[in-house]
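Given next are the chains, with one letter for each unit.
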Amino acid sequence: MDTNKPAPDNNGILQSANTIRAAVFGIQDGIVSTFGIVMGVAGAQLPGETIVIAGIAGLASGAMSMAAGEYVSVQTQKELLAVGADIDEDENVHPLKAAAANGGLFIGGGAVPLAPFLVGTGPSAIIASVLLSVLALFVTGAVLTRLTQRSPWQSGARMLIIGGGAGVIGFVIGSIFGNIFGV
């Protein structure tokens with residue numbers, strides 16, 4: 001056993017892990033929920049401007065909701081741990097860091113499926129949104145393996161399968177209700 005090796009900084013590891021968890025949740029949910037919204041509106045065959053407005057509104061409200069939810073959940077976790085154990089406050093993730101990571105990356109992730117509709121319309125924007133979202137979901141999952149040491153293919157595929165379903169469901173629901181309401 002190497003006694004010259006420094007002890008791991010568990011506090012720093014915990015801080016990083018919790019912030020990374022919040023960031024991963026933010027970017028994944030930003031891509032997935034915005035993808036679902038824009039595909040739903042696109043499936044209803046509404047004008048490009050409507051898709052952009054719905055996407056931006058969903059992006060902004062989703063980021064605020066995610067950041068606020070992250071802050072409240074982390075703060076509540078800290079309060080519960082403080083009541084139940086003698087825990088140094090620095091051993092837990094900082095609620096503002098988690099909120100910023102989650103909300104900020106929600107916006108970054110959500111911008112991916114929305115971007116094609118900012119510059120185009122119709123089938124070409126839909127196809128570009130799908131391709132960019134699929135790529136972003138897979139790459140996000142694959143990049144995480146640098147931290148988790150899993151297979152990039154498995155992790156990328158997991159993120160893609162779970163996240164891609166939202167776009168498909170959004171498009172199908174939008175198509176159905178677009179037909180029902182005769183849009």
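Above: the structure in question.
For the structure given in this document, a descriptive report is provided here.

Of regular secondary structure, the chain possesses 5 helices and 0 strands. In sequence order, the chain lays out its α and β elements as α-α-α-α-α. Long-range contacts, defined here as pairs at least 24 residues apart, represent 72% of the contacts in the chain between residues at least 6 apart. With the model as given, the accessible surface of the chain reaches about 10,400 Å², and the carbon-plus-sulfur share is 69%.

Turning our eyes to something else, we now look at a nonpolar patch on the surface. Among the surface-exposed residues, Val168, Ile169, Val172, Ile173, Ile176, Phe177, Ile180, Phe181 and Val183 lie close enough to one another that they form a single nonpolar patch of about 890 Å² accessible area. Along the polypeptide, Val168 turns up in helix 5 (residues 152-180). On the basis of relative accessible area, Val168 is assigned to the exposed category, the value being 54%.

Take the nonpolar core next. Ranked by internal contacts, the top residues of the largest apolar core, which has 14 residues, are Val38, Met39, Ile51, Phe106 and Phe117. Looking at this core, the elements that each hand over two or more residues are helix 1 (10-43), helix 2 (48-84) and helix 3 (95-119). Excluding anything up to four places from it in sequence, Val38 contacts Ile51, Gly55, Pro113, Leu114, Phe117 and Ser129. Grouped together as the second largest cluster of nonpolar side chains are 6 residues, Val32, Ala136, Leu137 and Met159 included.

It is worth spelling out the packing of helix 3 against helix 4 (residues 122-148) at this point. Between helix 3 and helix 4, whose axes approach to 8 Å, the crossing angle comes to 160 degrees. The pairing of helix 3 with helix 4 is recorded here as roughly antiparallel in orientation. Regarding helix 3 and helix 4, the two cross each other, and that crossing is right-handed. Residue-level contacts link Val112, Pro113, Pro116 and Phe117 of helix 3 to Ala125, Ile126, Ala128, Ser129, Leu132, Ser133 and Ala136 of helix 4. Grouping the constituent residues of the contact of helix 3 with helix 4 by class yields 9 nonpolar, 2 polar and no charged.

The full count for this structure, using the stated rule, is 2 aromatic pairs. Aromatic pair Phe138 and Trp153: ring centres 5.5 Å apart, planes at 45 degrees, arrangement tilted. Remark: Trp153 occurs in helix 5 and Phe138 occurs in helix 4; sequence separation between them is 15 residues. On the numbers, 6.1 Å between centres and 25 degrees between planes, the contact of Phe177 with Phe181 is stacked.

This part is about the environment of Ser151. Assignment of secondary structure puts Ser151 in the loop between helix 4 and helix 5. Along the chain, Ser151 and Gly141 lie 10 residues apart, while their C-alpha atoms are 9.7 Å from each other.

We now examine the environment of His94. Here His94 lies in the loop between helix 2 and helix 3. Distance in space between the C-alpha atoms of His94 and Thr19 is 8.3 Å, their sequence separation being 75 residues. Within the local environment of His94, its side chain forms a polar contact with the backbone nitrogen of Leu96, the two atoms lying 3.0 Å apart.

Time to look at the packing of helix 2 against helix 3. Close contact between helix 2 and helix 3 brings their axes to 8 Å; oriented N to C, the two are set at 165 degrees. Between helix 2 and helix 3, the angle falls in the class roughly antiparallel. Seen from above, helix 2 lies across helix 3 with right-handed handedness. For the contact of helix 2 with helix 3, the class distribution of residues is 19 nonpolar, 7 polar and 2 charged.

A few words on the side chain of Ser175. For Ser175, the location among the structural elements is in helix 5. Setting aside anything within four residues of it in sequence, one finds Ser175 in contact with Gly43 and Ala44.

Reading the values: the criteria
- Residues numbered from 1 in each chain as written.
- Predicted model: local features only at pLDDT ≥ 70, side-chain atom pairs only at ≥ 80, totals over all residues.
- Heavy atoms only, no water.
- Helix = DSSP H or I, 4+ residues; strand = E, 2+ residues; numbered from the N terminus.
- Contact = heavy atoms within 4.5 Å.
- Areas by Shrake-Rupley, 256 points an atom, 1.4 Å probe, with all protein chains shown as cover.
- Patch = residues over 30% accessible without salt bridge, like charges linked within 9 Å, V, L, I, M, F, W, Y side chains within 5 Å.
- Salt bridge = Lys/Arg side-chain N within 4 Å of Asp/Glu carboxyl O.
- Buried < 20%, exposed > 50% of the residue type's maximum accessible area, 1.4 Å probe, protein only.
- Core = buried A, V, L, I, M, F, W, Y, C linked by side-chain atoms within 4.5 Å.
- Axes fitted to C-alpha atoms, helices over the stretch in contact; angles between N-to-C directions.
- Parallel < 35°, antiparallel > 145°, perpendicular 65-115°, else oblique.
- Left-handed = near helix turned anticlockwise from the far one by under 90°.
- Nonpolar A, V, L, I, M, F, W, Y, C, P; charged D, E, K, R; others polar.
- Phe/Tyr/Trp six-rings, centres within 6.5 Å; stacked < 30°, edge-to-face > 60°.
- Polar contact = N/O pair within 3.5 Å; in protein donor to acceptor, adjacent residues only side chain to side chain.

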